[in-house]
Amino acid sequence: MYKNFFKYLISAIFLLGFSVNSNADFKVGFVYVGPTGDHGWTFQHHEGRNAVEAAGIKTTFVESVPEGADAERVIRQLAQSGHDLIFTTSFGYMDPTNKVAKDFPNVKFEHATGYKREHSNVSTYSARFYEGRTLLGHIAGKMTKTNTIGYIASFPIPEVIRGINAMTLAAQKVNPNIKTKIVWVFTWYDPGKEAEAAQALIDQGADVIMQHTDSTAPVQTAEKAGVWSFGQASDMQRFAPKSILTSIIDDWAPYYVERAIAARDGTWNQQDTWHGLKEGMVAMGPYNSAMGADLVKEVEQLQKDLASGKVHSFTGPIYDQKGNILVAEGKVADDGMLAGMSVYVKGVEGDIPK
Amino acid sequence: MSLDISFIGILIGSIMASSVPLILAASGELITERSGVLNLGVEGMMIIGAISGFALMVITDNLFIAIVGSMLSGVIISIIFGFLTQSLLTNHVATGLALTIFGIGLSAMLGKNFVGIPGKEFPILFSSLRESIPFFGPILFGHSIVLYFAFALPFLTNYFLKKTKLGLVVRAVGDSPVSATNQGINVILVRYCCILYGGAMCGLAGAYLSLIYTPQWIENMTAGRGWIALALVVFATWSPIKVLIGALIFGGITILQLHMQAIGFRIPVQFLSALPYLMTIIVLVVISRDSRKIKLNTPTSLGRIFYKEK
């Protein structure tokens with residue numbers, strides 16, 4: 001009697017075990033570099049996660065994970081605890097993601113803004129933020145009175161340098177006297193430091209501020225000082241209603257939902273995705289009426305042209321700081337060059353820190 | 001923009017604003033240490049002040065309540081330290097470190113729902129004078145009331161310690177608790193008061209960050225300023241006026257490195273960012289070689305547990 005009972009118990013446990021691995025328990029994990037409430041970079045990834053959840057797929061997330069050794073521990077933990085697909089949403093997670101992916105061949109990994117796909121279960125994805133930067137540059141070039149644009153930069157990686165260059169090229173096109181001043185803060189998220197950097201740039205005569213960091217501190221500082229600013233990663237209008245001219249908005253939701261469903265249904269393949277205004281991964285916030293109707297119209301047209309491919313952010317001739325040609329007249333920069341961009345274009349002041 | 005005279009005025013104004021939390025926290029800690037208590041919990045008390053101030057501002061929409069509340073929260077958390085070290089006679093260093101870790105963790109938990117809420121604009125005084133007077137305008141005017149208080153505080157502290165009877169009592173307790181007891185002074189009571197005062201000033205320093213300097217709440221937003229304040233007290237050899245000077249130097253380095261970058265100065269950014277910490281070490285080494293300088297103001301019984309036999 002008891003013998004049979006144990007038999008049933010054991011088979012029941014086995015059955016339970018199998019059901020854990022079935023589709024119904026498909027789980028997606030997310031690793032964030034900042035808090036979900038940063039109202040910038042991480043906030044937008046979290047919105048993407050919410051969309052996946054809304055599509056009926058179970059998700060979990062870990063926020064404020066420092067880049068480096070700690071990240072590997074967190075990613076490994078997610079892989080071990082039965083997640084089938086893991087999105088790692090910061091550049092600095094590149095090596096940890098690939099390291100963990102090697103040990104968990106059955107788990108799929110998606111790394112944002114990186115370029116390393118060392119194992120067949122790692123995909124990378126990013127957005128063509130530089131298309132948004134081109135629009136910001138056009139607006140900044142028209143709006144500045146001091147001809148000085150202040151730029152708060154995080155880390156000297158191609159992603160950030162590409163943004164600086166795209167913005168400067170577009171600003172030069174509408175205002176040849178433009179100067180781009182850059183302050184490197186070496187952090188993605190430190191509102192105190194970002195605010196001090198913004199203030200330093202404003203004190204030095206910049207009347208348009210933009211940032212490649214994640215907090216709302218720069219736009220708040222700009223609002224206080226009465227200069228123009230732009231939202232980064234998310235619509236930051238309510239943090240600086242007078243100062244913000246528009247925001248670059250990252251919309252990860254469609255991609256996340258598509259990839260999660262593909263992984264669940266077994267159609268997931270390794271790929272390298274780079275979407276922009278055309279696919280809607282990069283979107284623009286509402287344009288501030290202070291820009292004037294003419295400029296808004298101009299920028300909306302440029303936005304359409306960038307999306308359709310009629311205009312490219314990096315159209316030659318483009319020179320580096322020393323005057324060497326980077327992109328020949330009539331040509332546009334290819335994706336390989338964009339992905340590895342590590343020099344400033346002509347007109348940017350200063351050196352890239354090593 | 002060139003390095004003209006009005007620009008230097010703006011620069012000095014920025015440096016003053018960034019040194020306020022250091023002045024407040026270090027002045028508070030200085031009184032605590034002069035009474036013979038070493039409280040390493042400055043960072044923890046500051047971060048608790050930061051979240052309390054911000055949360056109260058969001059809840060009550062009243063900046064006065066927020067400021068007073070942040071000071072009270074600093075007092076409350078320092079009571080824990082006081083009770084442990086003065087009544088239960090625990091080790092000052094270990095208890096202070098625990099207070100910092102506790103404060104950072106507790107503030108992150110309390111602040112969960114306050115992340116990403118925009119702060120309120122804090123009123124600044126004499127903003128019209130700031131614009132109209134070149135050079136002196138941005139230095140003297142257009143600041144928050146907390147800044148003026150912070151810059152008066154070292155002088156008040158100096159006066160208190162040197163010219164008042166109570167100040168003498170605090171110094172006596174810090175130098176020789178045994179003699180002070182023989183004089184009929186309640187050493188434990190005096191030390192309790194100094195600990196609570198230190199807590200209030202650290203709370204205010206935190207609130208300055210979350211309400212005025214960068215009006216928002218973020219986890220760990222004090223970012224090591226508490227530790228710099230602690231070093232500052234030693235750097236100043238326990239003299240209030242030197243605390244003020246040291247705070248301006250440390251604040252100045254932070255601001256100047258950003259300005260030098262914007263000008264296009266070729267100094268490695270990482271080196272400039274590390275300068276405040278390097279300076280602290282260098283100053284510690286320099287003053288430790290001159291024992292007379294230290295002895296002058298050092299509370300002799302600093303960090304030692306005092307136990308009154310009954």
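Analysis parameters
Residues numbered from 1 in each chain as written. Chains lettered and ligands numbered in written order. Predicted model: local features only at pLDDT ≥ 70, side-chain atom pairs only at ≥ 80, totals over all residues. Helix = DSSP H or I, 4+ residues; strand = E, 2+ residues; numbered from the N terminus. Rg over C-alpha atoms; globule rule 2.2 N^0.38 Å. Buried ≥ 20, exposed ≤ 12 C-beta atoms within 10 Å, placed from the backbone. Contact = placed C-beta atoms within 7 Å. Nonpolar A, V, L, I, M, F, W, Y, C, P; charged D, E, K, R; others polar. Axes fitted to C-alpha atoms, helices over the stretch in contact; angles between N-to-C directions. Parallel < 35°, antiparallel > 145°, perpendicular 65-115°, else oblique. Left-handed = near helix turned anticlockwise from the far one by under 90°. Domains from an automatic or database assignment. Core = buried A, V, L, I, M, F, W, Y, C linked by C-beta atoms within 7 Å. Pairing = 2+ DSSP bridges. Right-handed = clockwise from strand over helix to strand, strands pointing away.

Draft legend 1. Here's a closer look at the overall build of chain A. Secondary structure summary: chain A contains 11 helices and 14 strands in total. By the compact-globule yardstick of 20 Å for 354 residues, chain A fits well, its C-alpha radius of gyration being 23 Å. Along the three orthogonal principal directions, the C-alpha set of chain A runs to about 90 × 40 × 40 Å. Expressed as a percentage of its 354 residues, the buried residues of chain A come to 51%. In chain A, the proportion of contacts linking residues at least 24 apart, taken out of those at least 6 apart, comes to 63%.

Draft legend 2. Region of the structure containing the interface of chain B and chain A. Every contact between the two is made by 29 residues of chain B and, on the other side, 30 residues of chain A. It is helix α12 (residues 240-263) of chain B that provides the largest number of residues to the side of chain B that touches chain A, a total of 7 residues. Looking at side-chain class alone, the side of chain B that touches chain A contains 17 nonpolar, 10 polar and 2 charged residues.

Draft legend 3. Inspection of the packing of helix α2 (residues 42-60) of chain B against helix α11 (residues 225-235) of chain B at higher detail. Residues and elements named next belong to chain B. Remark: α2 packs on α11, axes separated minimally by 7 Å, with the N-to-C direction vectors making an angle of 135°. With respect to α11, the element α2 is oriented oblique. Our pair here, α2 against α11, has a crossing hand that is right-handed. Two secondary-structure elements touch here, α2 through V42, E43 and M46 and α11 through R225, G226, W227, A229 and L230.

Draft legend 4. Spotlight on helix α8 (residues 217-225) of chain A. Residues and elements named next belong to chain A. Across the 9 residues of α8, 7 count as buried, placing the element largely inside the fold. If you check which residues of α8 are buried, you get A217, P218, V219, Q220, T221, A222 and E223. Taken together, the buried residues of α8 touch β6 (148-153), α7 (191-203), β8 (208-211), β9 (228-233) and β10 (244-250). Looking one or two residues past α8, G226 carries a phi angle of roughly 75°, positive in sign.

Draft legend 5. Structural detail: the domain arrangement of chain A. Residues and elements named next belong to chain A. Domain parsing of chain A yields domain 1 (15-127 + 252-275) and domain 2 (129-242 + 282-339). One C-alpha centre belongs to domain 1, the other to domain 2; they are set 29 Å apart. On the side of domain 2, 15 residues touch domain 1, which itself brings 14 residues to the contact. Here the element with the most residues in the side of domain 1 that touches domain 2 is helix α2 (residues 41-54); it accounts for 4 residues. Tallied by class, residues from the side of domain 1 that touches domain 2 come to 7 nonpolar, 6 polar and 1 charged.

Draft legend 6. Main features of the packing of helix α7 (residues 145-163) of chain B against α12 of chain B. Residue and element names in this part refer to chain B. Contact geometry of α7 with α12 gives a least axis separation of 7 Å together with a crossing angle of 160°. By the angle between their axes, α7 is roughly antiparallel relative to α12. α12 is crossed by α7, and the crossing has right-handed handedness. Counted together, P154, T157, N158 and L161 of α7 and P240, I241, V243 and L244 of α12 form the full contact between these two elements. Its residues assigned to classes, the contact of α7 with α12 comprises 6 nonpolar, 2 polar and no charged.

Draft legend 7. Structural context of the nonpolar core. Judged by nonpolar contacts, the single largest core of 177 residues is most densely connected at V183 of chain A together with I23, L24, A25, A26, Y208 and L232 of chain B. Here this core gets 17 residues from one element, more than from any other, and that element is helix α10 (residues 187-213) of chain B. Here this core spans two domains, and each of domain 1 (15-127 + 252-275) and domain 2 (129-242 + 282-339) of chain A adds at least three residues to it. Setting aside residues up to four positions removed in sequence, Y208 of chain B forms contacts with V20, P21, L24, V146 and Y213 of chain B.

Draft legend 8. Examining the sheet that holds strand β12 (residues 282-284) of chain A more closely. Residue and element names in this part refer to chain A. Taking strand neighbours across the sheet as the criterion, the 6 strands line up as β7-β6-β8-β9-β10-β12 in an open arrangement whose pairing is mixed. In the strand order of this sheet, the two ends are held by β7 (179-184) and β12, each with one partner. Within the sheet, the average angular offset between the axes of one strand and its neighbour, ignoring direction, is 20°. Note that β9 and β10 share 4 bridges and pair parallel. Looking at the pairing, Q232 lines up with I248 of β10. Along the sheet, α8 contacts β6, β8, β9 and β10; its crossing angle with β9, the most-contacted strand, is approximately 165°.

Draft legend 9. Region of the structure containing the environment of I51 of chain B. All names here are of chain B. Residue placement: I51 occurs in helix α2. Residues I51 and L11 lie 40 residues apart in sequence; the distance between their C-alpha atoms is 29 Å. Discounting residues that sit within four places of it in the chain, I51 has contacts with S107, L110, G111, S210 and W217.

Draft legend 10. Looking closely at the pairing of strand β3 (residues 85-88) of chain A. All names here are of chain A. Every second residue of β3 is oriented toward a common face, with L85 and F87 on one face and I86 and T88 on the other, all of them buried. Here strand β1 (residues 27-31) runs beside β3; their pairing, made up of 4 bridges, is parallel. Considered in β3, the bridge of V28 is made with L85. Pairing of β3 with strand β4 (residues 108-112), which is carried by 4 bridges, proceeds in the parallel orientation. Considered in β4, the bridge of I86 is made with F109. Viewed along the sheet, the connection from β3 through helix α4 (residues 94-103) into β4 turns out right-handed.

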